[in-house]
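Observations on chain architecture
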Amino acid sequence: MIAYGALPVAESPADTTELDFTVFTNVDGLPVLEVRAVEVDEWGNIWVGTEGGGLAVGQGEGATWATYPSFQLEPENIRSLLGRADTLWVCTDEGLALITTRMTADWSDDEIDLFTESDGLANADVNVALVADSILWVGTVDGLNRVRLDGLGDPAQWQVIRMEDGLASDVVLSLAVQPGLVWAGTDEGISRWDGSQWVSQLAGLEVRQVAVGGDSVWATTDDGVWRYHVDGGWSDVTGELPLRDAVAVHVDSGGHVWIGLGSGRTSSRRLYGEGLARRGGDGWERYLSNGLASNAVADAVLDLDGTLWCTHFPGGVSHLTAEGWETFTRATTEGMLGSDFVLWCAVDSRGDKWFGTWGGGVSRLTADGQWLLYDQDNSPLQTELVGALTVDRHDNVWIFDYQNALYVRSGDDSTWTRLDLAGEDAIFDIAVDEQDIVWTGSYDRGIRRLDYAGTLNDPSDDAVTAYSVEHGLASPGVRAVANGAGATMWFGTTGGASQFDGTDFTTYRRATSGLLSDFVSDVVVDGWGCVWFLTDGGVSVLEPGGIWRSYTSQNSGLVSGTIGDWSNALLIDESQERAWIGTVWGLSCLSFIPPFPRPDGLASVRAYPNPFVPSLGHRIVHFASLPEDAEVCIFGLGGELVWESGRGAVSNGEISWSVVNSRGKEVAGGIYIYLVRVAGGEVRTGRVAVVR
């Protein structure tokens, strides 16, 4: 298999005609992806500070990236940057570095001074620096420093300011300056210095960043965005924003206020950034990441046309069209996408997309573009926290609503039924095999096997079997369930991957196999018999014959090996011979060469929905699991040819029949014979019932 670079993505659907976004990742030469600071010097060079990767320099508009030599600047965790003339101030967790570039592009003649506690700093863990009127202000985790630039070399010239001096807190996160005023944002409010005393405000708020524009001061906090005006003091303007959570703020030369949306440095959700918002004369505009609704990808599926859909936690839904990315959020669907925290997506035989959301129930986008919402008001769901969702081959929708209840919405008559899984707790994944057996993986109670005996709406004859570590399962924490060949099932757990052949379990762990990590969040078995595992270390593939291959951000174009708590975004597009991998950092596309031709020929070909019932919304019969050179012929019971696809009709392993004859007229109700054949002469036949 051959890995290529990360997927090039299209522009956001927001109106950004006056803006041109170019995205750079570690694939383009950045040392790591977690960028904490950016500064542009007077020659147009872009300086980027990272978390764990040190300092990088992008030279010129095309940004050919190079990592600043570690022997020059040893600290790797950069907090912020400040450029001034031919110098660059670098705030790190090991001190404040001053790089004098001498106005050359030759790093070897740079002069670097690193200031720590012994040089007068309050603390070597530095968050921010500011120069105003020949005075350097430095915010640390244990106080604020003030020193004249001509006194840098004398520790006695460094003044330390702390809470006893009037500062809101000793942890200083941000700095800004107005004429005659210095603003210091801390983790417990903001303080203002007027040249003689400190005055503290916004008590109890973590002030992440501060920016000055005209006669206003803007502050992003852990409780929204606040604005200070000389005539009215502080006011909470969070309600104007498209999202509440805000981190960064900047006021440009045109007076536009830019807000970076996402979680702050103290939050466990800091990976899930939500893009940019810009405030101009007409209110706020939102600019999303790369055209995706969010970089945090939770699930990915292909629709009946073979195009890609991604869900985000948070961020909504993204759809890759021929023109680029189309995004859907709760706001753009007028609330019909019940929440922007979307965990699951599944596609039924009509082409309808079903979305399981966290806090908004189940949303449905029909093939003709209509949005529908199923929540506590119009369905039996007891809560709108949907933990798992799938659609089986009969278009039955299986839903776990995080109240220990599994529901199924019948594809035939839209009846809802609650099913008992013998005290099941949180379900992470659901799969339905070819024998209509339902398999669920739970948070910490292993696997449940549900045989509903063909009576979907009658739970009285249901049989439930439980499996866990005592039966051979790798771990009771099951994150993924997948169908394998025949009666084989695969399970991804927090302690490895397990294969179940109907009788016994076989377990794969990092220590005893080629698995990258024991935390497996998704498993997919492709048409060649390869088993794909999405882990928190990257993607591992087990080929028939026991050969292991692995893909990480170090040996391939995988954007990151970091997955979220709810990441199930591993999708194999067999017709295009590529894999889509979603992580908390974005989406990657891996092109691969299959190890050998499909092993099963036409053995797995099936037609669905069967029977075909237009009154239930059926519009197309799909013939699935087809090789690329297959064609389909439809015959009446008398042997007459009704319709044929011809060669070259296979898309995403399927051929679609609109249930019409060769003249485009609807066929009458009855039984029809289908014949699938390939160039080598192999054929397979079956029956399709049409009920009108």
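What you are looking at is a predicted structure, and each value in this text was computed from that prediction instead of being measured.

1. Here's the deal with the overall build of the protein chain
The number of helices and strands found in the protein chain is zero helices and 58 strands. For the protein chain, the proportion of its 692 residues judged to be buried stands at 53%. Summarising the internal contacts of the protein chain: among those between residues at least 6 apart in sequence, 45% fall at separations of at least 24. Summed over all atoms, the accessible surface of the protein chain reaches about 28,500 Å², with 46% contributed by carbon and sulfur.

2. Details of the packing of aromatic side chains
Considering all chains together, one arrives at 31 aromatic pairs under this definition. Ring plane angle 50° and centroid distance 4.9 Å describe the contact between Tyr467 and Phe500, whose orientation is recorded as tilted. Separated by 33 residues along the polypeptide, Tyr467 in strand E40 (residues 463–467) and Phe500 in strand E43 (residues 496–500) bring together distant segments of the chain. When sorted by exposure, Tyr467 lands in the same class as Phe500, which is buried. Both rings, one in Trp657 and one in Tyr672, keep their centres 6.2 Å apart while their planes meet at 70°; by these two values the pair is edge-to-face. You can see Trp657 sitting in strand E56 (residues 655–657) and its partner Tyr672 sitting in strand E57 (residues 670–677), a full 15 residues away along the chain. For the pair formed by Trp657 and Tyr672, the shared burial category is buried. Members of the aromatic cluster, each reached through a chain of ring pairs, are Trp439, Tyr467, Phe491, Phe500 and Phe505. The ring of Phe428 has Arg479 sitting right over it, with the charged end atom 4.0 Å from the ring centre.

3. Looking at the nonpolar core
With 32 residues, the main nonpolar core has Val362, Leu389, Trp398 and Ile399 as its most contacted residues. Taken together, the elements giving at least two residues each to this core come down to strand E29 (342–347), strand E33 (388–391), strand E34 (397–400), strand E35 (406–409), strand E36 (416–419) and strand E37 (427–432). Core analysis: the next-biggest nonpolar cluster, separate from the first, contains 23 residues, Phe623, Leu626, Ala630 and Tyr674 among them.

4. Points about the sheet that holds strand E10 (residues 135–140)
Taken in spatial order, the four strands make up an open sheet running E9-E10-E11-E12, and their pairing is antiparallel. Each of the sheet's edge strands pairs with one partner strand only, and the pair in question is strand E9 (126–132) and strand E12 (159–161). For this sheet, the mean angle separating the axes of adjacent strands, direction not counted, is 20°.

5. What about the sheet that holds strand E45 (residues 520–525)?
Paired through their backbone hydrogen bonds, the strands of a sheet run either parallel or antiparallel. The strand order across the open sheet formed by four strands is E45-E46-E47-E48, and the pairing between neighbours is antiparallel. Every other strand in the sheet has two partners, leaving E45 and strand E48 (547–551) as the edge strands with one partner each. Strand-to-strand twist in this sheet, taken as the mean axis angle between neighbours without regard to direction, amounts to 20°. In this sheet, strand E47 (residues 538–543) lies alongside strand E46 (residues 531–535) in antiparallel orientation, the contact comprising five bridges. Bridging from a neighbouring strand, Trp532 pairs with Val541 of E47.

6. As for the pairing of strand E55 (residues 641–644)
Note: strand E54 (residues 631–635) against E55, three bridges, orientation antiparallel. Bridging from a neighbouring strand, Cys633 pairs with Glu644 of E55. Between E54 and E55, which pair antiparallel one after the other, the connecting turn spans five residues, and Gly639 there sits at a positive phi close to 95°.

7. Section: the confidence of the model for the protein chain
When pLDDT is averaged across the protein chain, the result is 83; 87% of the residues are at 70 or more. Counting interchain partners and residues more than four positions distant, the pLDDT-below-50 stretch residues 1–18 has 55 contacts. pLDDT under 50 marks residues 263–272. Its contacts with residues more than four places away, or in other chains, come to 26 contacts.

8. Here's the deal with the pattern of salt bridges
Counting across every chain of the model gives 16 salt bridges. Residue Arg350 pairs with Asp352 through a salt bridge whose shortest N-O separation is 3.5 Å. Just as Arg350 is buried, Asp352 falls in that class too. Put simply, Arg692 and Glu666 hold a salt bridge, and the shortest N to O gap is 3.6 Å. Linking Arg692 in the segment after strand E58 (683–690) with Glu666 in the loop between E56 and E57, this pair joins segments that are 26 residues apart in sequence. Each of the salt bridges in this network shares a partner with another, and the network as a whole consists of Asp348, Arg350, Asp352, Arg364 and Asp395.

9. Some details on the environment of Val199
Examined against the element boundaries, Val199 turns out to sit in strand E16 (residues 198–201). Looking at Val199, the relative accessible area reads 28%, which means it is partly exposed. Residues within four places of Val199 in sequence aside, it is in contact with Ile190, Ser191 and Arg192.

10. Digging into unusual backbone geometry
The linkage connecting Tyr608 with the following residue, Pro609, adopts the cis geometry, with an omega of -10°. Here Pro609 shows up in the loop between strand E52 (606–608) and strand E53 (621–624). With an omega of 15°, the peptide bond running from Asn610 to Pro611 counts as cis. Phi is positive for Ser414, close to 65°, though the residue is something other than glycine.

11. Some thoughts on the state of the cysteines
Here the structure, examined in full by the defined rule, presents zero disulfides. Residue Cys310 stays outside any disulfide, its sulfur separated by 9.0 Å from that of Cys345, the closest cysteine.

12. So, the pairing of E33
Side-chain direction in a regular strand flips from residue to residue, so the side chains alternate between the two faces of the sheet. Here E33 shows no split at all, with Ala388 and Thr390 on one side and Leu389 and Val391 on the other all buried. Of the pairings in the sheet, the one linking E33 to E34 comprises four bridges and is antiparallel in character. Bridge pairing in E34 places Val391 opposite Val397. Here E33 hands over to E34 after five residues, with Asp395 in that stretch at a positive phi of 70°.

Rules used in this analysis
Residues numbered from 1 in each chain as written. Predicted model: local features only at pLDDT ≥ 70, side-chain atom pairs only at ≥ 80, totals over all residues. Heavy atoms only, no water. Helix = DSSP H or I, 4+ residues; strand = E, 2+ residues; numbered from the N terminus. Buried < 20%, exposed > 50% of the residue type's maximum accessible area, 1.4 Å probe, protein only. Contact = heavy atoms within 4.5 Å. Areas by Shrake-Rupley, 256 points an atom, 1.4 Å probe, with all protein chains shown as cover. Phe/Tyr/Trp six-rings, centres within 6.5 Å; stacked < 30°, edge-to-face > 60°. Lys NZ or Arg CZ within 6 Å of the ring centre and 35° of its normal. Core = buried A, V, L, I, M, F, W, Y, C linked by side-chain atoms within 4.5 Å. Pairing = 2+ DSSP bridges. Axes fitted to C-alpha atoms, helices over the stretch in contact; angles between N-to-C directions. pLDDT = per-residue confidence, 0-100. Salt bridge = Lys/Arg side-chain N within 4 Å of Asp/Glu carboxyl O. Disulfide = S-S within 2.5 Å.

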